[in-house]
Amino acid sequence: MRTAIVWLRRDLRMNDNPALAAASEAERIVPLFCFERGLWDGRHSSPNRNAYLLASLRDLDADLRSTGARLHFRSGDPAVVLARLATEAGAEVVHVNRDHTAHSRARDQRVGRALADGGVELIGHNGIACAEIARIETGSGGPYRVFTPFYRAWARAGRRELAKRPRRLAGAPSGVGVGSPPTKEEMGVDARAERIAGGFGPGETAARRAMRRALERADAYHRVRDLAGDDATTKLSPQLHFGTISARELETELLDRGTKGATELRRQLAWRDFWLNVIRHFPGNRELEYDERMRGMRWRTSDRDFEAWCEGRTGVPWIDAGMRQLREEGWMHNRVRMAVASYLTKNLRLHWRRGEAHFMAHLLDGDESQNNGNWQWAASTGADPQPYFRIFNPVKQQEKFDPDGTYVRRWVPELADLPDGHLGAPWEAPPEVLAEAGIALGDDYPEPLVDLKDSRAEAIERFGEARGG
């Protein structure tokens with residue numbers, strides 16, 4: 001009997017899963033998740049993401065069981081695991097949704113060679129991105145390095161049809177062991193990580209509910225996306241990272257709406273594909289600055305300042321609110337992400353790699369291409385970066401995007417009684433205002449680590465020197 005393996009990675013769903021749909025045409029199917037140790041216990045490991053992963057796999061297994069199949073687990077090198085499983089199951093083909101990082105592409109090449117030695121074919125599908133990333137090229141045939149022209153080409157690029165959800169699947173051949181995932185203890189998952197992951201509803205069932213809510217509110221997205229206090233963004237980034245929802249399906253729904261808000265939300269999916277494009281064509285970004293001029297940048301090395309930033313003790317409320325939200329929820333509002341990254345790299349002039357690593361340790365949506373691309377954007381070292389002289393002023397950011405202080409007071413409650421007019425810069429508040437609010441700077445809330453104006457001027461000078469001008 002013809003048997004197919006579907007190797008699941010960042011596509012933990014039944015709906016619009018091209019690899020699963022293709023594998024379902026076989027007479028027997030073996031859905032597989034392989035635990036590569038470097039991915040859940042490597043330099044970017046995260047208990048929060050591991051908790052989300054385990055819970056999502058349980059949800060996917062339940063869905064597969066309802067169709068007659070079930071999820072199989074293996075641990076180790078996928079090149080060894082897949083070749084061995086193909087022999088065990090008598091499989092003729094392995095279906096997979098292609099990813100674009102250097103690790104993923106090199107891994108798939110190794111797996112393809114190992115399978116070919118046994119007469120088994122590895123077939124890739126476009127199930128991660130909206131568009132076929134590899135086919136989006138400039139007129140000269142090279143990769144896009146700037147978002148706006150990429151966006152125009154991306155919007156014109158063809159799209160695949162949505163894949164149908166399998167309703168009935170034939171299980172694996174008899175004798176194929178199911179296996180089991182590593183334990184929560186082995187993956188560093190504790191009660192805190194489970195609580196954080198649970199807050200975003202891991203698994204496709206919860207993810208689809210979240211997607212429907214986001215679509216119902218999509219028409220207003222352009223008005224609310226920057227208002228951190230409203231907490232009205234989609235919060236779909238963890239679901240998109242793990243593939244518990246399909247970016248392509250979400251895009252299709254947004255196109256059907258056709259409103260200004262839906263169009264702006266679709267543009268965020270284009271940014272996601274843009275960073276996949278960048279990491280695909282410039283894999284060295286994992287280790288080095290995209291802008292070679294910035295590889296000699298002189299960064300500060302203050303562990304004290306870095307720890308204060310991580311813990312939300314910088315003395316700047318907008319920054320501290322974001323960093324505390326990250327630690328508590330495993331997520332941070334996008335507008336605030338840009339500000340905290342700017343503060344770390346420009347005002348504190350600490351290496352963006354330290355911020356990248358901290359985000360990857362905590363974010364449920366921690367994704368190498370997105371996290372690396374956005375950190376290099378903020379640090380003015382990457383592809384299509386923020387100009388180095390445009391430095392976020394966190395006081396003005398708070399005044400503009402959280403004018404009534406809802407966001408700051410939620411995460412920095414020690415400032416709850418400070419009037420709105422002084423909430424962004426408590427160090428400038430008159431002594432009597434601080435006393436009325438019950439705040440003693442240095443005791444109840446920290447003094448600022450650096451002067452925003454002076455540190456901005458210093459950053460512009462240092463970044464200009466590094467760029468040779």
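Everything quoted here is computed from the prediction, not taken from an experiment. (Residues numbered from 1 in each chain as written. Predicted model: local features only at pLDDT ≥ 70, side-chain atom pairs only at ≥ 80, totals over all residues. Heavy atoms only, no water.)

Q: I'd love a proper account of the overall build of the protein chain, names of residues and values included.
A: When you go through the protein chain residue by residue, the secondary structure sums to 22 helices and five strands. The C-alpha atoms of the protein chain give 24 Å as radius of gyration, which agrees with the globular expectation for 469 residues (23 Å, within 12%). Along the first, second and third principal axes, the C-alpha set of the protein chain runs to 80 × 45 × 45 Å. Across the protein chain, every contact between residues at least 6 apart in sequence was considered, and the portion connecting residues at least 24 apart equals 80%. (Helix = DSSP H or I, 4+ residues; strand = E, 2+ residues; numbered from the N terminus. Rg over C-alpha atoms; globule rule 2.2 N^0.38 Å. Contact = heavy atoms within 4.5 Å.)

Q: For the pattern of salt bridges, give the residues involved together with the corresponding values.
A: Counted according to the given criterion, the structure contains 42 salt bridges. The partner of Arg 160 in a salt bridge is Asp 16, and the shortest N-O contact between them spans 2.6 Å. Here Arg 160 is found in the loop between helix 6 (147-156) and helix 7 (191-198), whereas its partner Asp 16 is found in the loop between strand 1 (3-8) and helix 1 (18-23), with 144 residues between them in sequence. This pair shows no difference in class: Arg 160 is buried, exactly as Asp 16 is. Across the salt bridge formed by Asp 63 and Arg 165, the nearest N and O atoms sit 4.0 Å from each other. (Salt bridge = Lys/Arg side-chain N within 4 Å of Asp/Glu carboxyl O. Buried < 20%, exposed > 50% of the residue type's maximum accessible area, 1.4 Å probe, protein only.)

Q: Lay out the packing of helix 14 (residues 317-329) against helix 15 (residues 334-347) with the relevant residues and their values.
A: Interaxial distance between helix 14 and helix 15 falls to 9 Å at its minimum, and their mutual angle equals 115°. When the axis of helix 14 is compared with that of helix 15, the two are roughly perpendicular. In terms of crossing hand, the pair formed by helix 14 and helix 15 is left-handed. Side by side, helix 14 and helix 15 meet where Trp 318, Ile 319, Gly 322 and Met 323 of the first sit next to Arg 335, Val 336, Ala 339, Val 340 and Tyr 343 of the second. Residue composition of the contact of helix 14 with helix 15, by class: seven nonpolar, one polar and one charged. (Axes fitted to C-alpha atoms, helices over the stretch in contact; angles between N-to-C directions. Parallel < 35°, antiparallel > 145°, perpendicular 65-115°, else oblique. Left-handed = near helix turned anticlockwise from the far one by under 90°. Nonpolar A, V, L, I, M, F, W, Y, C, P; charged D, E, K, R; others polar.)

Q: Go over the sheet that holds strand 3 (residues 72-75), please, and point to the residues and values.
A: What the five strands build is an open sheet, ordered 3-2-1-4-5; its pairing is parallel. Only two strands of the sheet have a single neighbouring strand rather than two, namely strand 3 and strand 5 (121-125). Strand-to-strand twist across the sheet, computed as the mean angle between neighbouring axes with direction ignored, equals 30°. Pairing between strand 1 and strand 2 (residues 28-35): six bridges, direction parallel. Note that in strand 2 the partner of Val 6 across the bridge is Pro 31. (Pairing = 2+ DSSP bridges.)

Q: Which residues make up the layout of surface pockets, and what values do they have?
A: Approximately 1100 Å³ is the volume attributed to the largest pocket. In this structure, the largest pocket is lined by 39 residues; those nearest its centre are Gln 268, Trp 271, Asn 334, Arg 337 and Asn 374. Looking at the lining of the largest pocket element by element, the count peaks at eight residues for helix 12 (residues 260-281). For the lining of the largest pocket, the per-class residue count stands at 18 nonpolar, 10 polar and 11 charged. Put simply, the second largest pocket is a space of about 760 Å³. Around the second largest pocket, the lining is made up of 34 residues, and of these Arg 10, Leu 39, Trp 40, His 103 and His 241 lie nearest the centre. Elements represented by at least two residues in the lining of the second largest pocket include exactly strand 1, strand 2, helix 2 (37-40), helix 3 (47-67), helix 5 (102-117), helix 10 (237-242) and helix 17 (368-378). (1 Å grid on protein atoms, 1.4 Å probe; cavity = no way out; pocket = protein on both sides within 12 Å on 5 of 7 lines; lining within 4 Å. Points joined across faces, edges and corners; volume = space filled by probe spheres on them.)

Q: Tell me what's going on with the pairing of strand 5, and back it up with residues and numbers.
A: As a general feature of sheets, a regular strand has side chains that alternate between the two faces. Sheet topology places strand 4 (residues 93-97) next to strand 5; five bridges connect them, and they run parallel. Counterpart to Val 93 in the pairing with strand 5 is Glu 121.

Q: Requested: an account of empty space enclosed by the protein, with residues and values cited.
A: Counting across every chain of the model gives one cavity of 30 Å³ or more. Reported here for the largest cavity is a volume of approximately 40 Å³. Considering the residues around the largest cavity, the lining is formed by Arg 10, Arg 13, Gly 127, Ile 128, Leu 240, Gly 243, Ile 245, Ala 247 and Arg 272. Taken together, the residues of the lining of the largest cavity sort by class into four nonpolar, two polar and three charged.

Q: Could you give an account of the pairing of strand 2, with specific residues and numbers?
A: Of all eight residues that make up strand 2, seven are buried, and the element is covered over most of its length. Chirality of the crossover, the property in question, places the unit of strand 1, helix 1 and strand 2 among those that are right-handed. Pairing analysis gives four bridges linking strand 2 to strand 3, with the strands arranged parallel. Bridge assignment links Leu 32 to a residue of strand 3, and that residue is His 72. (Right-handed = clockwise from strand over helix to strand, strands pointing away.)

Q: Explain the packing of helix 8 (residues 204-216) against helix 11 (residues 247-257) to me, and be specific about the residues and the numbers.
A: At a minimum axis separation of 11 Å, helix 8 and helix 11 run at an interaxial angle of 20°. As far as their axial angle goes, helix 11 and helix 8 are roughly parallel. Handedness of the crossing formed by helix 8 with helix 11: right-handed. In this structure, helix 8 uses Arg 208, Met 211, Arg 212, Leu 215 and Glu 216 to contact helix 11, whose residues at the interface are Glu 249, Leu 250, Glu 253, Leu 254 and Arg 257.

Q: How would you summarise the nonpolar core if you had to cite specific residues and measurements?
A: Grouped together as the largest cluster of nonpolar side chains are 88 residues, with contacts concentrated most on Trp 309, Tyr 343 and Phe 359. When near neighbours in sequence (up to four residues on either side) are disregarded, Trp 309 contacts Thr 314, Ile 319, Met 323, Val 340, Tyr 343, Leu 344, Leu 348, Gly 355, His 358, Phe 359 and Trp 375. Judged by nonpolar contacts, the second largest core, of 34 residues, contains Ala 4, Leu 12, Met 14 and Leu 53. (Core = buried A, V, L, I, M, F, W, Y, C linked by side-chain atoms within 4.5 Å.)

Q: Describe the packing of aromatic side chains, with residues and values.
A: Evaluation of the coordinates by the stated rule reveals 21 aromatic pairs. With centroids separated by 6.0 Å and ring planes inclined at 25°, the aromatic side chains of Tyr 151 and Trp 154 adopt a geometry described as stacked. A residue pair is termed a helical-turn pair when its members lie 3 or 4 positions apart in one helix, as Tyr 151 and Trp 154 do in helix 6 at three residues. By relative accessible area, Tyr 151 is classed as buried at 16%. Residue classification places Trp 154 among the buried positions, given a relative accessible area of 0%. Taking the centre distance of 5.8 Å and the plane angle of 25° together, the rings of Phe 306 and Trp 309 count as stacked. Of the two residues, Phe 306 and Trp 309 both sit in helix 13 (residues 303-311), three residues apart, roughly one turn of that helix. Judged by relative accessible area, Phe 306 falls into the buried class, the value being 13%. (Phe/Tyr/Trp six-rings, centres within 6.5 Å; stacked < 30°, edge-to-face > 60°.)

Q: Can you tell me about the side chain of Asn 277, naming the residues and giving the values?
A: Along the chain, Asn 277 turns up in helix 12. Assessed through its relative accessible area of 0%, Asn 277 is described here as buried. Among residues more than four places away in sequence, those in contact with Asn 277 are Ile 133, Pro 143, Tyr 144 and Phe 150.

No statement about biological role is implied by the geometric values presented.
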